[in-house]
Amino acid sequence: MNTEFKDIDKRYDLFWLGMKYEKENNFQQAIETYLLYSEALAFADRYIPHI
């Protein structure tokens with residue numbers, strides 16, 4: 001099985017960026033970052049049969 005580490009790294013980076021914005025009380029930017037995070041998950045996992 002070939003794991004795309006760039007997808008995993010992108011998810012990781014987006015999650016921690018969202019956490020950074022949340023700690024800075026920049027909630028609008030945190031929400032936008034978490035939305036990008038969730039879209040990255042859905043896009044990378046689109047070929048998993050049970051989804």
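The model shown is predicted, which means the values in this text are computed figures rather than measured ones. Within any chain, residue numbers begin from 1 and follow the written order of that chain's sequence. Local features in this predicted model are restricted to residues of pLDDT 70 or higher, and side-chain atom pairs are both shown and tallied only at a pLDDT of 80 or more, whereas totals for entire chains, interfaces and linings draw on every residue. Hydrogens and water molecules were not included; the side-chain quantities draw on all heavy atoms of the structure.

Caption draft 1: Layout of the overall build of the protein chain. Strands here mean DSSP runs of E at least two residues long; helices mean DSSP runs of H or I at least four residues long; both are numbered from the N terminus. Counting secondary structure elements, the protein chain contains 2 helices and 0 strands. Accessibility here uses a 1.4 Å probe with only protein chains present; expressed as a share of the type maximum, an area under 20% marks a residue as buried, one over 50% as exposed, and anything in between as partly exposed. When burial is assessed residue by residue, the protein chain has 14% of its 51 residues classed as buried.

Caption draft 2: Summary view of a nonpolar patch on the surface. The patches reported here contain residues having more than 30% relative accessible area and no salt bridge. Joining distances are 9 Å for like charges and 5 Å for nonpolar side chains (Val, Leu, Ile, Met, Phe, Trp, Tyr). The protein chains shown are the only cover counted for residues, whose accessible areas, like all others here, come from Shrake-Rupley with a 1.4 Å probe. Any Lys or Arg side-chain nitrogen found within 4 Å of a carboxyl oxygen on Asp or Glu counts as a salt bridge. Together, Phe27, Ile31 and Leu35 make up a nonpolar patch on the protein surface, roughly 300 Å² of accessible area in all. Looking at where Phe27 falls in the secondary structure, it is placed in helix α2 (residues 27–44). Taking the relative accessible area as the measure of exposure, Phe27 reaches 47% and is therefore partly exposed.

Caption draft 3: A look at unusual backbone geometry. For Asn25, which is not glycine, the phi dihedral falls at a positive 60°. Along the chain, Asn25 falls in the loop between α1 (5–23) and α2.

Caption draft 4: Region of interest: the environment of Thr33. Its location among the elements puts Thr33 in helix α2. Given a relative accessible area of 3%, Thr33 falls into the buried group. We call two N or O atoms a polar contact when they sit within 3.5 Å, provided that within protein one can donate a hydrogen and the other can accept it, with sequence-adjacent residues counted only if both atoms are side-chain atoms. At 2.8 Å, the side chain of Thr33 and the backbone oxygen of Gln29 are in polar contact.

Caption draft 5: Main features of the pattern of salt bridges. The full count for this structure, using the stated rule, is 1 salt bridge. The salt bridge involving Glu24 is made with Lys20; its shortest N-O contact spans 3.5 Å.

Caption draft 6: Focus on the packing of aromatic side chains. Aromatic pairing here means that ring centres of Phe, Tyr or Trp (its six-membered ring) are within 6.5 Å. Orientation follows from the plane angle: under 30 degrees is stacked, over 60 is edge-to-face, and everything else is tilted. As enumerated under the stated definition, the model contains 4 aromatic pairs in all. On the basis of an interplanar angle of 50° and a centroid distance of 6.4 Å, the ring pair of Phe15 and Tyr34 is categorised as tilted. Taken together, the positions of Phe15 in helix α1 and Tyr34 in helix α2 put the pair 19 residues apart, joining distant regions of the chain. Phe15 gets classed as partly exposed once you look at its relative accessible area, which sits at 29%. With relative accessibility at 23%, the residue Tyr34 sits in the partly exposed group. Judged by centre distance (5.9 Å) and plane angle (50°), the ring pair of Phe15 and Tyr37 falls under tilted. Placement of the pair is Phe15 in helix α1 and Tyr37 in helix α2, with a sequence separation of 22 residues. One aromatic cluster is present, built from ring pairs that chain together Tyr12, Phe15, Trp16, Tyr34 and Tyr37.

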